[in-house]
Amino acid sequence: MDSAVFQHFRPEERPFIERIGEWQNQALDEYRPILTNFLDPRQMFLIETVIGKLDESFRYWQAGGYNQAERKRVIFAPGYYQPQNEDYQIRLFEIKYPVKFAELSHGKILGTLINSGIDRSQFGDIITDGERWQFFGVASMADFFTEQITKIGSINVRVLPLTSIETLVPANDWVAESLVVSSMRLDTIVADTFNISRQRAKNLIEAQQVQVNWTIVGQPDFQVDLLDMLSVRKFGRVQVKNVLGQTRKAHYKLEIGTLRRHPLKGQG
């Protein structure tokens, strides 16, 4: 891969960018489809940017188990190949728990799955209709999910595999918003999104309470980029959906999506 490509991205993204080239070359050299684990929206953006224009000799496809999926598996393949749903090897699971006596949350489920020792790339979106909870996982991990995940916090649960037609209709709590910020620094985005002081945002980041793309980032001056997913403990999540341009004062106009634990006044 041309080394000039790397200058457009963060240094820590270089290994993934190199992996994109390896997947593409493997698909072409071996003339067969190559399937990834679940990738996050930023990684999907990197694939689209790095590979660029496709031709008849090479294609890639993506799926996450349902139409609105954030996290997806990708198939890299020669141009002749047309993937079927089963080729993505995604399995749907439902978490059974005592609904009348307990309450689950996205954070509790995510924490349990990660703390079980599996990599985040082994499972995709976690969805709910407000009561039922489901998640998508790599099909080969089905036995692990059903046999090892028996508690979420102090709540006894059972994880059951389902067919794709049993996917629930998820409640969409994400809110589309616009935001104007003076810079793309992490502390600025966090402060302006959640209406807190820059100092408090800085303290949260340095206390390792903030993740970018599911990785803890402790540098307040970290530069946020397109499709980054920010998670701020006890506040919620925000994703940079689009950079719309700059104002006359050189501030950035952003289109964001937010999932707040405590909505701002006038929202919900």
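Attention here is on the structure that accompanies the text. Predicted, not measured: the structure shown is a model, and the values here were computed from it.

Calculation criteria
- Residues numbered from 1 in each chain as written.
- Predicted model: local features only at pLDDT ≥ 70, side-chain atom pairs only at ≥ 80, totals over all residues.
- Heavy atoms only, no water.
- Buried < 20%, exposed > 50% of the residue type's maximum accessible area, 1.4 Å probe, protein only.
- Helix = DSSP H or I, 4+ residues; strand = E, 2+ residues; numbered from the N terminus.
- Contact = heavy atoms within 4.5 Å.
- Polar contact = N/O pair within 3.5 Å; in protein donor to acceptor, adjacent residues only side chain to side chain.
- Salt bridge = Lys/Arg side-chain N within 4 Å of Asp/Glu carboxyl O.
- Core = buried A, V, L, I, M, F, W, Y, C linked by side-chain atoms within 4.5 Å.
- Phe/Tyr/Trp six-rings, centres within 6.5 Å; stacked < 30°, edge-to-face > 60°.
- Lys NZ or Arg CZ within 6 Å of the ring centre and 35° of its normal.

**Points about helix H2 (residues 41-51)**
Listed as buried for H2 are Pro41, Arg42, Met44, Leu46, Ile47 and Ile51. Lining the buried residues of H2 we find helix H1 (14-30), strand E1 (34-39), strand E2 (58-63), strand E3 (72-78) and strand E14 (236-246). The residue sitting at the N-terminus of H2 and contributing the capping side-chain oxygen is Asp40; that oxygen lies 3.0 Å from the backbone nitrogen of Arg42. Looking one or two residues beyond H2, the residue adopting positive phi is Gly52, at roughly 70°.

**With respect to the pattern of salt bridges**
In this structure the tally under the stated criterion is 13 salt bridges. Linking Glu94 and Lys96 is a salt bridge whose minimum nitrogen-to-oxygen distance equals 3.8 Å. Salt bridges linked by common partners bring Arg10, Glu13, Arg42, Asp225 and Asp228 together as one network.

**Concerning the nonpolar core**
Judged by nonpolar contacts, the single largest core of 32 residues is most densely connected at Ile95, Phe135 and Phe145. Sorting elements by how many residues they give to this core places strand E6 (residues 133-138) first, with 4 residues. What Phe135 contacts, discounting residues up to four positions off in sequence, is Arg91, Leu92, Phe93, Ile95, Leu113, Phe123, Asp125, Ile126, Phe145 and Val159. Core analysis: the next-biggest nonpolar cluster, separate from the first, contains 24 residues, Ile189, Val190, Ile196 and Phe222 among them.

**Describing the environment of Ile126**
Within the secondary structure layout, Ile126 lies in strand E5 (residues 123-128). For Ile126, a relative accessible area of 10% gives the class buried. Considered as a pair, Ile126 and Leu160 are 34 residues apart in the sequence and their alpha carbons are 14 Å apart. Setting aside anything within four residues of it in sequence, one finds Ile126 in contact with His106, Ile109, Leu110, Leu113, Trp133, Gln134 and Phe135.

**Section: the packing of aromatic side chains**
Throughout the structure, instances matching the rule amount to 13 aromatic pairs. Look at Phe16 and Trp23: their rings are 5.8 Å apart centre to centre, the planes differ by 75°, and that puts the pair in the edge-to-face class. The burial state of Phe16 is the same as that of Trp23; both residues are buried. Geometrically, the ring pair formed by Phe93 and Phe135 is stacked, given 5.2 Å between the ring centres and 20° between the ring planes. In this pair, Phe93 is assigned in strand E4 (residues 90-96) and Phe135 in strand E6, connecting sequence segments 42 residues apart. Across the pair, exposure class does not vary: Phe93 and Phe135 are buried alike. Joined through ring pairs, the aromatic side chains of Phe16, Trp23, Phe58, Tyr60 and Phe76 make up one cluster. The ring of Trp214 carries Arg71 above its face, with NZ or CZ at 4.8 Å from the centroid. For the cation-ring pair, Arg120 lies above Trp214, with the distance from its terminal atom to the ring centre recorded as 5.7 Å.

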